[in-house]
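A look at the structure
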Amino acid sequence: MRFIGINGGTFDPIHFGHLRAALEVQQKLNLEQVRFVPCYQPVHRQSPMVSSEQRAKMIELAIQGQSKFCLDTIELERGGPSYMVETLAALKEQFNDVGLVLMMGTDAFSRFHTWHNWQQILKLANIAVMHRPGDGLALYSESGQILSAHQVAKFTQPSEQIMDVLITQLDVSSTAVRSHLQNDMPVDYLLPPQVIDYIKTHQLYQ
Ligand code: ATP
């Protein structure tokens, strides 16, 4: 089966934690491409600090030259609250001959059972949980139960399957990047230099 990765997030801003994890999952699952899907209006967290166009632009700068990565502005074009189930339904129509793999970090997956219509998400796509070492999923938790009910070692169907993919731990978060910037501390080596230049030029996160 052929698969493409759907890497959703706020990306406020994108950093090496997002990028390295996406590359490792792409390689391990042999994904034809990874589509970075910035949300317009997050439904599980407070509003981002910069505009959706700026978050998208930073993704574009960060993935330049990585041929398997692309930016998908579907949620920006749709506007309103960014429900992943709607995004996947639209992408499923657009890419009807490949399986979709929704990529989520362990922290995001631990709240998956609270996502709008999560059952339908599983009908539309498989899920790759990007397992950050040391950040285990409690098996008795609600999301842990969803994982064990759907867990496989290899995707063999276009949907309803979940894989736990071990990735290199890079303890970088957008929260930490924003906090360094607000405190006028360097952010070098946490995110790509071209994104840092963009942030400085546009005086973001001050
Ligand atoms: P914030 O600190 O603002 O909450 P974040 O750094 O967690 O942001 P998001 O854009 O909210 O980034 O996350 C998008 C996706 O990327 C989520 O699935 C999240 O689990 C994953 N992710 C974020 N940081 C990492 C990291 N360092 N390693 C692996 N996955 C990550």
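The coordinates are above.
In this text, all values refer to a predicted model and were calculated from it rather than measured experimentally.

Take the overall build of the protein next. The helix and strand tally for the protein stands at nine helices and six strands. For the protein, the spread of C-alpha atoms along the three principal axes comes to 45 × 35 × 30 Å. A buried classification covers 48% of the 206 residues belonging to the protein. For the protein, the share of sequence-separated contacts (at least 6 apart) that also reach a separation of at least 24 residues comes to 74%. For the protein, the accessible surface area stands at approximately 10,100 Å², while carbon and sulfur atoms represent 48% of it. Here the protein contributes 16 positive and 20 negative side-chain charges, whose respective centroids are spaced 3 Å apart.

The environment of the ligand is formed by 21 residues, the closest being His-15, Asp-107, Leu-170, Ser-174 and Thr-175. Within the contact set of the ligand, an oxygen atom lies 2.6 Å away from a side-chain nitrogen or oxygen of Asp-107. Here Val-172 contributes a backbone N or O atom positioned 2.9 Å from a nitrogen atom of the ligand. Isolated, the ligand exposes 600 Å² of accessible area, and the fraction of that covered by the protein chains is 89%. Taken together, the elements giving at least two residues each to the shell around the ligand come down to β1 (3-9), α1 (16-29), β4 (99-105), α5 (106-109) and α8 (174-182). Class assignment of the residues belonging to the shell around the ligand gives a composition of seven nonpolar, ten polar and four charged.

Parameters and conventions
- Residues numbered from 1 in each chain as written.
- Predicted model: local features only at pLDDT ≥ 70, side-chain atom pairs only at ≥ 80, totals over all residues.
- Heavy atoms only, no water.
- Helix = DSSP H or I, 4+ residues; strand = E, 2+ residues; numbered from the N terminus.
- Buried < 20%, exposed > 50% of the residue type's maximum accessible area, 1.4 Å probe, protein only.
- Contact = heavy atoms within 4.5 Å.
- Areas by Shrake-Rupley, 256 points an atom, 1.4 Å probe, with all protein chains shown as cover.
- Lys, Arg positive; Asp, Glu negative; His and termini not counted.
- Charge placed at Lys NZ, Arg CZ, Asp CG, Glu CD.
- Near = heavy atom within 4 Å.
- Polar contact = N/O pair within 3.5 Å; in protein donor to acceptor, adjacent residues only side chain to side chain.
- Nonpolar A, V, L, I, M, F, W, Y, C, P; charged D, E, K, R; others polar.

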